[in-house]
2 protein chains.
Amino acid sequence: MIYLDNSATSFPKPKEVINAINQSFIKYGANPGRSGHSFSIKTAIKIAEIRQEICDFIGAESPENVIFTSGCTEALNLAILGSCQKGKHIICTSNEHNSVLRPLFELNSRGLIDVSVATSTQNDKIRINDIAKHINEKTYLICCNHISNVDGMEADIDAIGKLCFEKGILFLVDAAQSIGHKNINMFKQRIDLLAFSPHKGLYAPQGIGILAYSSKVKLMPIKFGGTGTESINVEQPKIAPECFESGTLATPNIIGMGAGLNFVIQNFTKINEKFEDLTTLLNYELSKIKNVKVYTHPDNANGILSFNIGDIPSNEVAEILDNKYGIMVRSGLHCAPLKHKDLNTLQQGTVRISMSYYTTYSEITKLIKAVKEISAKFYRK
Amino acid sequence: MIYLDNSATSFPKPKEVINAINQSFIKYGANPGRSGHSFSIKTAIKIAEIRQEICDFIGAESPENVIFTSGCTEALNLAILGSCQKGKHIICTSNEHNSVLRPLFELNSRGLIDVSVATSTQNDKIRINDIAKHINEKTYLICCNHISNVDGMEADIDAIGKLCFEKGILFLVDAAQSIGHKNINMFKQRIDLLAFSPHKGLYAPQGIGILAYSSKVKLMPIKFGGTGTESINVEQPKIAPECFESGTLATPNIIGMGAGLNFVIQNFTKINEKFEDLTTLLNYELSKIKNVKVYTHPDNANGILSFNIGDIPSNEVAEILDNKYGIMVRSGLHCAPLKHKDLNTLQQGTVRISMSYYTTYSEITKLIKAVKEISAKFYRK
């Protein structure tokens, strides 16, 4: 099997991650922060270490500003719903995933906020000018996808962060597809809210997400319950990060994420270079095939690439790749409807390739060969 | 180490659970419901099988009525916030955990609902009359803890369910401490909303919860995002269970839960009998020790027992049990403040023992011996 669906979830997971999860069931089996016994404390210390490592990796203000969630979707919901300013205005981009769009349009449909959608005018990047023109006096938040999960289009988050800082607007970055292979530093890049899904670029198990926030954000919990703090109080405590993490933490997932993070730190340059090389090769070779349309701009060599073969439904191409070649890719719409509108692929969808550390040159050349054959078969006349 | 903190999280996890999680990383490594390739479909089928097994185990209406959440807290938040009827009235019991109380008092503080708290009048069980007297014409929901996490007090959910059914009131049961050793059947017991934490009584890893609901409940999502359905739509879809499960499912946790469920089904009677026997023994023996106050009524032999030794702070007793005897128990307040008020232990807290399948007679006798020694040492005069 050739697995090229790593933007859905990375596969395989590194042995270091699986080993750490197995270890967690033995060494860190208690509930951290819930009991005072030594086994619980040992587990809590391990969790705190990983929180610190995540904090350092993303340049967050402090470990208290790093919140463990169930996934990137909960992180984005907490960021958007938890910072909502009634009667005001948010800007997002047409690259956003439904995990951003749906919370935004939920708030919009309740009459709480207005939303503007910024689109890349030059079809290669989301730039500062694409965003700036939508700013008005009510704008308090800009939600910006870092790398599109459809075609790998990047946003110039350095410049957009600077703009937000100057204008006093909060800056939310959805790093679901960039964490682990793009440099991200909340402090340097003026990011106020950073959400990502460790099971993708950090090779963690599914079931853990991160939201980090700066002290500029007045964040309110969206989930209420036991926090291991102020047990006597029937009202939600205010101490972070616990007040945002009601309920038992997913220790095995957090420990798996910790191991994944170390794996990524050790291999960061290698992953980044691999994505750049293999995406560039893939883009170049697919673009040469007659009837193949590549949607990914060559400048966005980020491990994600979308294409179609003529007018063949993307699902049909994916099915042939799976059945005949054993190549797993995603097709159809990728939970980012505004992006598909930009690309004019709402009907056809796209065939999406997404890579990981484990993707090889050989796998990419096999894919290229398969696409050539499929195209030739359908359009031999 | 003697681990008697299973109400916080069960430890150890059965080898079947750990093996299943390891298998999941190899056999079910794709994202279920997100892609059309065979690896994703295989994963989705496995997830669907487990959803059906959970449905059968709890007597839910259909697998579509079984929602995977990140934990019991999210399940209870979804149940309470997602079924909120503005201007109306909810009854809960003084046995509730903060995971019920805090969402309730959040809604209350926003002026959305009124809350009444029912207390056991006979100090042994929560009975129908304790609840019934609080019902008024605005009551639409009764939230009932099945077994108290503090002292194992049970609620007569059969009778309360019947009452709710007759009055047309929705019935929410928090089965966090009863699942896996008490018979629960939503259909027979007229339960409309059932929430539980599989990492306790189903020996699952942390990071997975269940909310099941009947078609009587008009449930709204509290989290918005990608569902793998209606990808084109920026509004949250209405198809269940996906509309409540935005974001990538925690496959390893779900598969671990499936293995835990099978483990419990095979050992159900054994676990139930063990809890009854060992709790009865423990209650009887501790009650005989001078200066020891047992808070658990002998009729509630549910694997959970709270006590104190004289006026020694519960944390101090727990610390001695840990340091001198290697016995891990929880002390202080157990995230159920109204219960501690009932027990008059808001200051002292309680020392709580909680059992699992793996708890042995020998461990319980060692605990009894330790408590005798601690009591004798403190009160030798």
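By convention here, each chain's residues receive numbers from 1 onward along its written sequence. Each chain is given a letter, starting from A, and each ligand a number, starting from 1, according to the order in which they appear as written. Reporting of local features is limited, given that this is a predicted model, to residues whose pLDDT is at least 70; pairs of side-chain atoms are given and counted only at 80 or more, and all residues count toward the totals for whole chains, interfaces and linings. Each side-chain value is derived from all of the structure's non-hydrogen atoms; neither hydrogens nor water enter the calculation.

(A) Expanded view of the overall build of chain A. Put simply, DSSP H or I for four residues or longer makes a helix, DSSP E for two residues or longer makes a strand, and each gets a number counted from the N terminus. In terms of regular secondary structure, chain A is built from 11 helices and 14 strands. Against the 2.2 N^0.38 benchmark of 21 Å for 381 residues, chain A shows a C-alpha radius of gyration of 21 Å, consistent with a compact globule. A principal-axis box enclosing the C-alpha atoms of chain A has dimensions of 75 × 55 × 35 Å. Each residue's exposure class comes from its accessible area (1.4 Å probe, protein chains only) as a fraction of the maximum for that residue type: buried when under 20%, exposed when over 50%, partly exposed otherwise. Residues classed as buried in chain A amount to 66% of the 381 residues present. For chain A, long-range pairs separated by at least 24 residues make up 69% of all intrachain contacts whose partners lie at least 6 apart in sequence. Carbon together with sulfur atoms contributes 50% to the accessible area of chain A, which is approximately 13,900 Å² in total. We compute the radius of gyration from the C-alpha atoms alone; for a globule the expected value is 2.2 Å times N to the 0.38, where N is the number of residues. By the convention used here, residues are in contact when the closest approach between their heavy atoms is within 4.5 Å. Only the protein chains shown count as covering a residue, and every accessible area follows the Shrake-Rupley method with a 1.4 Å probe.

(B) Region of the structure containing the interface of chain B and chain A. Counting residues at the interface gives 74 residues for chain B and 74 residues for chain A. Between chain B and chain A, a total of about 5,500 Å² is buried, with carbon and sulfur atoms accounting for 60% of that surface. Any carboxyl oxygen of Asp or Glu within 4 Å of a side-chain nitrogen of Lys or Arg constitutes a salt bridge here. Put simply, chain B and chain A have 0 salt bridges between them. Contacts described as polar in this section are N or O atom pairs within 3.5 Å, which, within protein, must combine one atom able to donate a hydrogen with one able to accept it, while residues neighboring in sequence count only if both atoms come from side chains. Where chain B meets chain A, there are 27 residue pairs in polar contact (both at pLDDT 80 or more). The biggest single contributor to the side of chain B that touches chain A is helix α4 (residues 98–109) of chain B, with 7 residues. Across the side of chain B that touches chain A, the residue classes break down as 31 nonpolar, 31 polar and 12 charged. Buried area counts how much accessible surface, traced with a 1.4 Å probe, disappears from two parts once they are put together, with both parts' losses summed. Amino acid classes used here: Ala, Val, Leu, Ile, Met, Phe, Trp, Tyr, Cys and Pro are nonpolar; Asp, Glu, Lys and Arg are charged; the rest, including Gly, are polar.

(C) Examining the sheet that holds strand β11 (residues 292–294) of chain A more closely. Residues and elements named next belong to chain A. DSSP calls a pair of strands paired once it identifies at least 2 bridges connecting them. On the basis of which strands lie adjacent, the open sheet formed by 3 strands has the order β11-β12-β14 and antiparallel pairing. Both outer strands of the open sheet, β11 and β14 (351–354), are each paired with one neighbouring strand and no more. The average undirected angle you get between the axes of adjacent strands in this sheet is 30°. Its contacts with the sheet put helix α11 (residues 361–378) on β11, β12 (304–309) and β14, and the angle it makes with β12 is roughly 15°. Axis definition: a line fitted to C-alpha atoms, limited for helices to the stretch in contact. Angles are taken between N-to-C directions and run from 0 to 180 degrees.

(D) Structural detail: the sheet that holds strand β9 (residues 193–196) of chain A. All names here are of chain A. Ordered by their spatial adjacency, 7 strands build an open sheet running β2-β10-β9-β8-β6-β3-β4, and the pairing between neighbours is mixed. The open sheet is flanked by β2 (66–69) and β4 (113–118), the only strands paired with a single partner. Strand-to-strand twist across the sheet, computed as the mean angle between neighbouring axes with direction ignored, equals 15°. Where helix α2 (residues 38–58) meets the sheet, its contacts fall on β2, β9 and β10 (209–213), and the angle it forms with β2 comes to roughly 115°. Across the sheet, helix α6 (residues 157–167) touches β6 (139–145) and β8 (170–174), and the angle it forms with β8 is around 155°.

(E) Region of interest: the domain arrangement of chain A. Residue and element names in this part refer to chain A. Marked domain ranges trace back to an automatic or database domain assignment. Under the domain assignment used here, chain A contains domain 1 (2–9 + 267–371) and domain 2 (15–261). Distance between the C-alpha centres of domain 1 and domain 2: 27 Å. Between domain 1 and domain 2, the contact holds 30 residues from the first and 29 residues from the second. The junction of domain 1 with domain 2 conceals about 2,500 Å² of combined surface from both sides, 51% of it contributed by carbon and sulfur atoms.

(F) Expanded view of the pattern of salt bridges. Residue and element names in this part refer to chain B. In total, this model carries 24 salt bridges over all chains according to the counting rule given. Salt-bridge contacts for E373 lead to K369; the nearest nitrogen and oxygen are separated by 3.3 Å. Of this pair, E373 and K369 both sit in helix α11 (residues 361–378), 4 residues apart, which is roughly one turn of that helix.

(G) Highlighting the packing of aromatic side chains. Side-chain rings of Phe, Tyr and Trp, where Trp is taken by its six-membered ring, are said to pair if the distance between their centres is within 6.5 Å; with planes under 30 degrees apart they count as stacked, over 60 as edge-to-face, and otherwise as tilted. Tallying each qualifying case throughout the model produces 20 aromatic pairs over all chains. Note on Y213(A) and F244(A): the rings are 5.6 Å apart at their centroids and 75° apart in plane angle, and the pair reads as edge-to-face. Highlighted residues: Y213(A) in strand β10 and F244(A) in the loop between β10 and α8 (251–288), separated in sequence by 31 residues. A relative accessible area of 9% means that Y213(A) is categorised as buried. Measuring from centroid to centroid gives 5.5 Å for Y203(B) and F263(B), while their planes differ by 70°, and the two rings are edge-to-face. With Y203(B) in the loop between α7 (198–201) and β10 (209–213) and F263(B) in helix α8 (residues 251–288), the pair connects residues that are 60 residues apart, well separated along the chain. There is no split in this pair, since Y203(B) and F263(B) are both buried. One aromatic cluster in this structure is built from Y203(A), F263(A), Y357(A) and Y358(A). Over the aromatic face of Y28(A) sits the side chain of K42(A), whose NZ or CZ is 5.7 Å from the ring centroid. In this structure, R190(A) is placed above the aromatic ring of F165(A), and the distance from its NZ or CZ to the ring centre is 3.7 Å. For a Lys NZ or an Arg CZ to count as sitting over a ring, it must be within 6 Å of the ring centre and within 35 degrees of the ring normal.

(H) Structural detail: the relation of the copies chain B and chain A. Structural alignment of chain B on chain A gives an RMSD of 0.0 Å, achieved by rotating through 180° and translating 0.0 Å along the axis. A rotation of that kind, with that shift, is consistent with a two-fold axis. Residues of chain B ranked by C-alpha distance from the rotation axis are headed by S70(B), positioned 2.9 Å from it. Same-surface contact between copies: 100% of interface residues of chain B are shared with the interface of chain A. Copy-to-copy superposition: least squares on the C-alpha atoms, limited to residues that have pLDDT of at least 70 in both copies.

(I) Structural context of the environment of S94(B). All names here are of chain B. The topology assignment puts S94 in the loop between β3 (88–93) and α4. Residue classification places S94 among the buried residues on the basis of a relative accessible area of 2%. When the C-alpha positions of S94 and G207 are compared, they lie 27 Å apart, and in sequence the two are 113 residues distant. In this view, S94 contacts V117, A118, T119, L338, K339 and D342; residues no more than four positions away in its chain are not counted. A distance of 2.5 Å separates polar atoms of two side chains, one belonging to S94 and the other to D342.

(J) Seen up close, the packing of helix α3 (residues 72–81) of chain A against helix α4 (residues 98–109) of chain A. All names here are of chain A. Where α3 contacts α4, the axes come no closer than 9 Å and their chain directions differ by 35°. α3 and α4 meet at a crossing whose hand is right-handed. The segment α3 lies against α4, with T73, L76, N77, I80 and L81 engaging S99, V100, P103, L104 and L107. Looking at the contact of α3 with α4 residue by residue, the classes come out as 7 nonpolar, 3 polar and no charged. With the far helix as reference, a near helix turned anticlockwise by less than a right angle produces a left-handed crossing, and one turned clockwise produces a right-handed crossing.

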